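Given next are the chains, with one letter for each unit.
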Amino acid sequence: MDTFRETVLAACCAALALTLAEGVLPAEKFGRQLRLLLSLLLMTAILAPLTQIQLALPETDAAAGETAQDLTAAAAEAYRQAYAERITSALNSALAEHRVNCTVQAVDVHIAEDGSIVINEAVITGNTLTGTVYLREWLGETVRITREEDAA
């Protein structure tokens, strides 16, 4: 009884889709193609319950999940690098305002789970003694400040 009910329901849905499509699309141009396509749809809808064919979308595989994880990791890394560049630029601007002959070459940052940005290390060149004093004042004592020669 369920098979018969599913068959009738599928036929009604296909007929409704055919009627709607014929009303929307211009009949002169796509009449034959539309009739053929929807006739195949109607036959499939009627025969599927009778032949016990299960029409379902394919299941996603593990590779798709890995690709999504790879994209998420790449996006997080790009986000981290963008913040590191912005912080480096801001620190260099602040050092230039104070007329310190020191340049921040790179900043190593970490973005925590709560979204906060943690600066781990700053690599500097130039007048490292004066630059270190200013950077310690701005960034705190926990940030490791190294000269570029020492970092390499």
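What counts, and at which threshold
Residues numbered from 1 in each chain as written. Predicted model: local features only at pLDDT ≥ 70, side-chain atom pairs only at ≥ 80, totals over all residues. Heavy atoms only, no water. Pairing = 2+ DSSP bridges. Helix = DSSP H or I, 4+ residues; strand = E, 2+ residues; numbered from the N terminus. Patch = residues over 30% accessible without salt bridge, like charges linked within 9 Å, V, L, I, M, F, W, Y side chains within 5 Å. Areas by Shrake-Rupley, 256 points an atom, 1.4 Å probe, with all protein chains shown as cover. Salt bridge = Lys/Arg side-chain N within 4 Å of Asp/Glu carboxyl O. Buried < 20%, exposed > 50% of the residue type's maximum accessible area, 1.4 Å probe, protein only. Core = buried A, V, L, I, M, F, W, Y, C linked by side-chain atoms within 4.5 Å. Contact = heavy atoms within 4.5 Å. Polar contact = N/O pair within 3.5 Å; in protein donor to acceptor, adjacent residues only side chain to side chain. Phe/Tyr/Trp six-rings, centres within 6.5 Å; stacked < 30°, edge-to-face > 60°.

Engineer: Is there a simple way to think about the pairing of strand S2 (residues 117–126) in this case?
Structural biologist: Both faces of the sheet carry side chains from a regular strand, because those side chains alternate between them. Relative to S2, strand S1 (residues 102–111) is paired through nine bridges, and the arrangement is antiparallel. Paired with Val107 across the strands is Ala122, a residue of S2. Hairpin connection of S1 to S2: five residues between the antiparallel strands, including Gly115 at a positive phi of 95°. For S2 and strand S3 (residues 144–147), the ladder comprises four bridges, and the chain directions are parallel.

Engineer: Please explain a nonpolar patch on the surface as it appears in this structure.
Structural biologist: Residues Leu36, Leu40, Met43 and Leu47 make up a contiguous nonpolar surface patch of roughly 400 Å² in combined accessible area. Along the chain, Leu36 falls in helix H2 (residues 27–50). Taking the relative accessible area as the measure of exposure, Leu36 reaches 55% and is therefore exposed.

Engineer: Would you mind showing me how to read unusual backbone geometry here?
Structural biologist: Peptide bonds are, in most cases, trans, and in most cases residues other than glycine have a negative phi. Although it is not a glycine, Arg99 sits at a positive phi angle of roughly 55°. With respect to the helices and strands, Arg99 occurs in the loop between helix H3 (62–97) and S1. Overall, Arg99 belongs to the exposed group, its relative accessible area being 78%.

Engineer: What am I meant to see in the nonpolar core here?
Structural biologist: Inside soluble globular proteins, nonpolar side chains tend to come together where they are buried. Among the nonpolar cores identified, the biggest contains 15 residues, and Leu91, Val104, Val107, Ile119 and Leu135 are the most heavily contacted of them. Among the secondary structure elements, those contributing two or more residues to this core are H3, S1, S2 and helix H4 (128–139). Setting aside anything within four residues of it in sequence, one finds Val104 in contact with Thr88, Leu91, Asn92, Leu95, Val123, Ile124 and Leu135.

Engineer: Would you mind going over the side chain of Thr88 with me for this structure?
Structural biologist: Here Thr88 shows up in helix H3. In terms of polar contacts, Thr88 uses its side chain to reach the backbone carbonyl oxygen of Ala84, at 2.8 Å. When neighbours within four sequence positions are excluded, Thr88 is seen to be in contact with Val104, Gln105, Ala106 and Val107.

Engineer: Is there a simple way to think about the packing of aromatic side chains in this case?
Structural biologist: Geometrically, a pair of aromatic rings is defined through the distance of the ring centres and the angle of the planes. All chains considered together, the criterion is met by two aromatic pairs. With centroids separated by 5.0 Å and ring planes inclined at 90°, the aromatic side chains of Tyr79 and Tyr83 adopt a geometry described as edge-to-face. Taken together, the positions of Tyr79 and Tyr83, both in helix H3 and four residues apart, correspond to about one turn of that helix. Geometrically, the ring pair formed by Tyr134 and Trp138 is tilted, given 5.5 Å between the ring centres and 40° between the ring planes. Residue Tyr134 and its partner Trp138 are both found in helix H4; the two are separated by four residues, about one turn of the helix. Of the residues examined, Tyr134 reaches a relative accessible area of 23% and is grouped as partly exposed.

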